[in-house]
Structures are given as C-alpha cells and as structure tokens.
Amino acid sequence: MTDEQKIVATNRSARHDYFIDKTYEAGIVLQGTEVKALRQGRAAIGEGYIYVDNNEAWLENIHIPEYTQGTWTNHAPRRRRKLLLHHTELDELMIKTREKGFTIVPLRLYFVKGRAKVEIGIGRGKKLYDKRQTLRQKQDDREAQRAMSLRRNT
C-alpha cells in the first residue's frame, strides 16, 4: 500500500473463502453522491461479486449508503456499477470464469490519486478442510513468531 492510497473498504472474508489466483485493479463508474459517500469512508463490499456481460464487467451487490447531505439526487445504495478494465483483462476474466469453480470477487475499494478503484481477484472456492488448514497454518505462524520474540527478549 502506497501513501497515496486511501482504503475505504476491504473484503476480509474473500481470502478466507477463496484461493485468489490473480488480482486486477479496475476503475468504477460512480455518481457524484457515491463518491462523496465513499470519501466519508462508508461502504460494504463483503457480499459483492463481479460478472462479465457483453464484454463489460459489472460490480453487483456492493452497498454504498446514501450521502447524508444529499438531496433528491442521491443514488440507490445497491445499484450495479460498471467496472473499467482493459480489453485484454476482460478477455482473461471471461476465459477464467467459464472454467468450473472460478469466480470474480472484490477484494478492496480504495482511492488512488483521487480516483475510486476496486481490486478484484479471480478466486477458486475453498473447501471446509482448506479453510481449517489455512487457519491452523496462521495459528502455527503466530505461535512461532511469539516464541521467537520471547527468545530474543531473554
């Protein structure tokens, strides 16, 4: 993460539920009140997903609450939003999602140099035993780090 990135929302469950093979950075087509609500740091991307339709990528089920100072021009909180990607990236996404078990999930929503971006990843679903093994590995790593820090201090 660079100092010019301001993270608005992260999808913490995505890396728990999926093996992320490749990530992309995509721009988002937003309305004015959506940008203002995001600048306030308000968004939820945990239930979001991405699909490709007619050579266009769409971000669905992302909740950006209405802007508090907005008027009748406020946006709908759960509308679908278009993603801006290069054609080669769109082709890669279409090819991967045709394979069995792959899906496209949003990982982070952030600003770079004043522009709203979303980091998306192509993921394969984890089985229950994969999730358990990942948690066990994290716990073992934490214990090893704790033991090494105690050893250094003594």
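Note that the structure is a prediction, hence the values are computed from the model and not measured.

Participant: Explain the pattern of salt bridges here, please?
Facilitator: Side-chain pairs of opposite charge can arise whenever the charged atoms involved come near each other. All told, the structure shown has seven salt bridges when counted by the stated rule. Salt-bridge contacts for E119 lead to R108; the nearest nitrogen and oxygen are separated by 2.8 Å. One end of the pair, E119, is in strand β7 (residues 115–125); the other, R108, is in strand β6 (residues 102–112), and eleven residues separate them in sequence. Taken individually, E119 and R108 each receive the classification buried, so the pair is uniform in this respect. Each of E34, R79 and R81 takes part in one network of salt bridges that share partners.

Participant: Just checking my understanding: could you explain unusual backbone geometry for this structure?
Facilitator: Glycine aside, a negative phi is what most residues show, and trans is what most peptide bonds show. In this structure, N55 is a non-glycine residue whose phi angle is positive, near 60°. Looking at the element boundaries, N55 is found in the loop between β3 (49–53) and β4 (56–60). For N61, which is not glycine, the phi torsion reads 65° and is therefore positive. On the accessibility criterion, N61 (24% relative accessible area) is partly exposed.

Participant: Please explain the nonpolar core as it appears in this structure.
Facilitator: Residues L83, L85 and I120 are the most contacted members of the largest nonpolar core, which totals 25 residues. When near neighbours in sequence (up to four residues on either side) are disregarded, L83 contacts A26, G27, I28, I50, A57, L59, V118 and I120.

Participant: What is the right way to look at the pairing of β7 in this model?
Facilitator: Looking down a regular strand, the side chains alternate between one sheet face and the other. Where strand β2 (residues 18–28) meets β7, nine bridges bridge the pair, whose relative direction is antiparallel. Bridging across to β7, T23 finds its partner in G121. As judged from the ten bridges shared by β6 and β7, these two strands associate in the antiparallel manner. Note on β7: the bridge partner recorded for T103 is G123. Where β6 folds back on β7, the antiparallel hairpin that results is connected by two residues, among which K113 adopts a positive phi of roughly 50°.

So, how was this worked out
- Residues numbered from 1 in each chain as written.
- Predicted model: local features only at pLDDT ≥ 70, side-chain atom pairs only at ≥ 80, totals over all residues.
- Heavy atoms only, no water.
- Salt bridge = Lys/Arg side-chain N within 4 Å of Asp/Glu carboxyl O.
- Helix = DSSP H or I, 4+ residues; strand = E, 2+ residues; numbered from the N terminus.
- Buried < 20%, exposed > 50% of the residue type's maximum accessible area, 1.4 Å probe, protein only.
- Core = buried A, V, L, I, M, F, W, Y, C linked by side-chain atoms within 4.5 Å.
- Contact = heavy atoms within 4.5 Å.
- Pairing = 2+ DSSP bridges.

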